[in-house]
Amino acid sequence: MGKTYERIDGRLRTFIEAQPMFFTATAPLAGDGTINLSPKGLKGSFVVLDEQRIAYLDFAGSNAETIAHLRENGRITVMWCAFQGPPNIVRVHGQGDAVFRDDPRFKELLAHFPDIDPTPHGLRAIIVVTAELVRDTCGYNVPFMSYDEDRDLHAKRFGREDDASLSAYFAKKEHIAQSIDGLPALPLPLPPSDF
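Summarised in this report is the structure supplied together with it. The residue numbering used here restarts from 1 in each chain and proceeds along that chain's sequence as written. Reporting of local features is limited, given that this is a predicted model, to residues whose pLDDT is at least 70; pairs of side-chain atoms are given and counted only at 80 or more, and all residues count toward the totals for whole chains, interfaces and linings. As a rule here, side-chain values cover all heavy atoms of the structure and leave hydrogens and water aside.

1. Describing helix α1 (residues 10–18)
Worth spelling out the cut-off: Between buried and exposed lies partly exposed: a residue is buried under 20% and exposed over 50% of the maximum accessible area for its type, with that area taken using a 1.4 Å probe on protein chains only. Only DSSP runs of H or I with at least four residues qualify as helices, and only runs of E with at least two residues qualify as strands; both kinds are numbered from the N terminus onward. As used here, the arc belongs to the directions running from the helix axis to the C-beta atoms. What makes two residues a contact is simply this: any of their non-hydrogen atoms within 4.5 Å.
Among all positions in α1, only Leu12, Phe15 and Ile16 are buried. Mapping the buried residues of α1 onto a view down its axis gives an arc of 95°, with all of them on the same face. Turned more than 90 degrees from where α1 packs its buried face, Arg11, Thr14 and Ala18 sit exposed. Buried residues belonging to α1 abut β1 (3–5), β4 (46–48), β6 (75–81), β7 (89–100) and β8 (125–137).

2. Details of the layout of surface pockets
Our working rule: Points on a 1 Å grid over protein atoms alone make up a cavity when a 1.4 Å probe fits among them but cannot get out, and a pocket when they form an open set with protein on both sides within 12 Å along at least five of seven lines; lining residues each have an atom within 4 Å of a point. Grid points are joined across faces, edges and corners, and a volume is the space filled by probe spheres set on the points. Classes in brief: Ala, Val, Leu, Ile, Met, Phe, Trp, Tyr, Cys and Pro nonpolar; Asp, Glu, Lys and Arg charged; the others, Gly included, polar.
Empty space within the largest pocket amounts to approximately 1100 Å³. Considering the residues around the largest pocket, the lining is formed by 42 residues, among which Pro20, Met21, Lys40, Gly41 and Leu42 are closest to the centre. Those elements that provide at least two residues to the lining of the largest pocket are α1, β3 (36–40), β5 (53–58), α2 (65–72) and α4 (153–158). Among the elements that take part in the lining of the largest pocket, β3 stands out by supplying 4 residues, more than any other. Taken together, the residues of the lining of the largest pocket sort by class into 19 nonpolar, 14 polar and 9 charged. Roughly 320 Å³ of internal volume is contained in the second largest pocket. In terms of lining, the second largest pocket is formed by 20 residues, of which the most central are Glu17, Gln19, Pro20, Lys43 and Gly44.

3. Examining α2
Counting buried residues in α2 gives 6 out of 8 residues, a clear majority hidden from the surface. Every buried residue belonging to α2 is among Glu65, Thr66, Ile67, Ala68, His69 and Leu70, and all of these are buried. Two residues or fewer after α2 comes Gly74, characterised by a positive phi angle close to 80°.

4. Concerning the packing of aromatic side chains
The cut-off we apply is this: Stacked, tilted and edge-to-face pairs are distinguished by plane angle, under 30 degrees for stacked and over 60 for edge-to-face with tilted covering the rest, among Phe, Tyr and Trp rings (Trp via its six-membered ring) whose centres lie within 6.5 Å. For a ring to carry a charge above it, either NZ of a lysine or CZ of an arginine must fall within 6 Å of the ring centroid while also lying within 35 degrees of the normal to the ring plane.
If you walk through the whole model with that rule in mind, you get 7 aromatic pairs. Aromatic pair Phe22 and Phe46: ring centres 5.2 Å apart, planes at 55°, arrangement tilted. One end of the pair, Phe22, is in strand β2 (residues 22–26); the other, Phe46, is in strand β4, and 24 residues separate them in sequence. Considered together, Phe22 and Phe46 belong to a single accessibility category, that of buried residues. Ring centres 5.7 Å apart and planes at 55° place the aromatic pair Tyr169 and Phe170 in the tilted group. Among the residues examined, Phe170 registers a relative accessible area of 0% and is labelled buried. Put simply, the rings of Phe22, Phe46, Tyr56 and Trp80 pair up and form one aromatic cluster. The aromatic ring of Phe158 is capped on one face by Arg157, whose charged end is 4.6 Å from the ring centroid. In this structure, Arg157 is placed above the aromatic ring of Tyr169, and the distance from its NZ or CZ to the ring centre is 4.7 Å.

Right, here's the structure in full:
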């Protein structure tokens, strides 16, 4: 029914890379803090870096809870469900790191995402997760659903922004520079993009 893996490779890697959608879960250290669970998608915005590390592009949005929690404690779980084919759920529990635009690692990491143009999406950071526990479970109760295509609304909305207007947009949002619980989140203003 469930199995623990030493690394992300073979059948496990193939399954993860084939999924059009995944979920991330993070939480602050405070026992009464707000747990965050986010759906992620957009073809080409997720990669397996190696047998222990995965990464995804963190785009503009109305909050920055994941970034805040990673900055505070690094804990993250990433989950994929099989909505087509044999039932399966895979979770990677690990330590996450938000790599911001001005980080020396940013350009090298961005090169791992050749199939996506990050420009129209307001790229804020690259989230890198180092796996500590990798498990799969049956997924027997996950429904069949079909993937038609990515929505184009995000690119249409944020494709109108440049670095200055995107920083201004973020500054007006209540939960970008700080999380719902008041933790430091996205450093503002955004460093200039040169991607």
